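Breakdown of the fold
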Amino acid sequence: MDGNGRWAAARGLPRVAGHRAGAQAVRRTIEAALQHGVQWLTLYAFSSENWRRPEGEITDLTGLLRHYLRNEVTELAANGVRLRVIGERRRFAADIQAAFVDAERLTAGNARLNVTVALSYGGRSEIVAAARRVAEAALAGTLDPAALDEAGFAEKLFTAGTPDPDLILRTSGERRLSNFLLWQAAYAELVFLDVLWPDFGAQHFAEALADYARRERRFGARPV
Ligand code: FPP
């Protein structure tokens, strides 16, 4: 979800106004996903690297997150959304961590749309954490290194039990993954849109799905 800062700057507004408008775009995107029958949606809301931003902006972003968790989860639950949070949850304030647990508990019975929010998330550190868990299990004698396969490794990632993304969409004209779901993105189709995240809406979502539908996915196999 890229381009909140540029959206605000273009209007002479503080960056937080861009993040607020970005939160509205999150709402529209979840509605669009529900309408299209998409079952899995992951939102990259805060990267491990975002902690390097000025303290004021971090306070604004965590404030928005707190607000969102307090005010939106009931409605999400009523719409059949199941919420999950991936990332270094412990870096957030205790009340936000508690809100993650509450939101996950409240929505655990839902299956219409699975929304995963990546917060303090970085793909490389996720892979290192998974490797550490594998090494610990091997040392403890509960895992035979020779028996470890891709599926077994994937079970050690934050995303254990969830499918790999079919489509990754990035807004604002940047054409990078920026440490997002590096392992899971192995065969994802990539769509880059020039629109800034706060302007993203149902029409862009539909266009991205149509673009995806035109791609031929071979997963490394020869065309038939
Ligand atoms: C990237 O734009 C966006 C972020 C770092 C924050 C994303 C947060 C939201 C969309 C709002 C809150 C989300 C939830 C789930 C409640 P940028 O600031 O890097 O923009 P720039 O590249 O134009 O500076």
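Note that this is a predicted model, so its numbers are computed, not measured.

Thoughts on the sheet that holds strand β1 (residues 40-47)
Judged by pairing direction, the sheet is parallel, and its three strands sit side by side in the order β1-β3-β2 without closing on themselves. Two strands lie at the open edges of the sheet, namely β1 and β2 (81-86), each paired on one side alone. Direction aside, the axes of adjacent strands within the sheet are offset by 20° on average. Relative to strand β3 (residues 113-121), β1 is paired through seven bridges, and the arrangement is parallel. Along β3, the bridge assignment pairs leucine 41 with valine 115.

What about the pattern of salt bridges?
Per the counting criterion, the structure on display carries 16 salt bridges. Note that glutamate 72 is salt-bridged to arginine 27, the shortest N-O span being 2.7 Å. A residue pair is termed long-range when its members are at least 10 positions apart, and glutamate 72 in helix α3 (residues 55-78) and arginine 27 in helix α2 (residues 15-36) qualify at 45 residues. Residue arginine 27 is classed as partly exposed on the basis of its relative accessible area of 23%. One salt bridge connects arginine 217 with aspartate 166, and the closest N-O pair in it is separated by 3.0 Å. Linking arginine 217 in the segment after α7 (202-214) with aspartate 166 in the loop between α6 (150-154) and β4 (167-170), this pair joins segments that are 51 residues apart in sequence. Three or more residues are tied together by salt bridges with common partners; here these are Asp2, Arg6, Arg170, Glu174 and Arg176.

Thresholds, definitions, all that
For every chain, the first residue of the written sequence is number 1, and numbering continues from 1 onward in sequence order. Only residues with pLDDT of 70 or above have their local features reported here, since the model is predicted, and side-chain atom pairs are shown and tallied only from 80 upward, although totals for entire chains, interfaces and linings are computed over all residues. Only hydrogens and water are set aside when side-chain values are computed; all heavy atoms of the structure are taken into account. Two strands form a pair only when DSSP identifies at least two bridges running between them. Only runs of H or I of at least four residues qualify as helices and only runs of E of at least two qualify as strands under DSSP, and these elements are numbered from the N terminus. Helix axes use the C-alpha atoms of the stretch in contact, all axes being lines fitted to C-alpha atoms, and the angles between their N-to-C directions lie in the range 0 to 180 degrees. By definition, a salt bridge exists where a carboxyl oxygen of Asp or Glu is found within 4 Å of a side-chain nitrogen of Lys or Arg. Under the scheme applied here, a residue whose accessible area is under 20% of the maximum for its type counts as buried, over 50% as exposed, and between as partly exposed, the area being computed with a 1.4 Å probe on protein chains only.

By themselves, these observations are geometric and do not establish any function.
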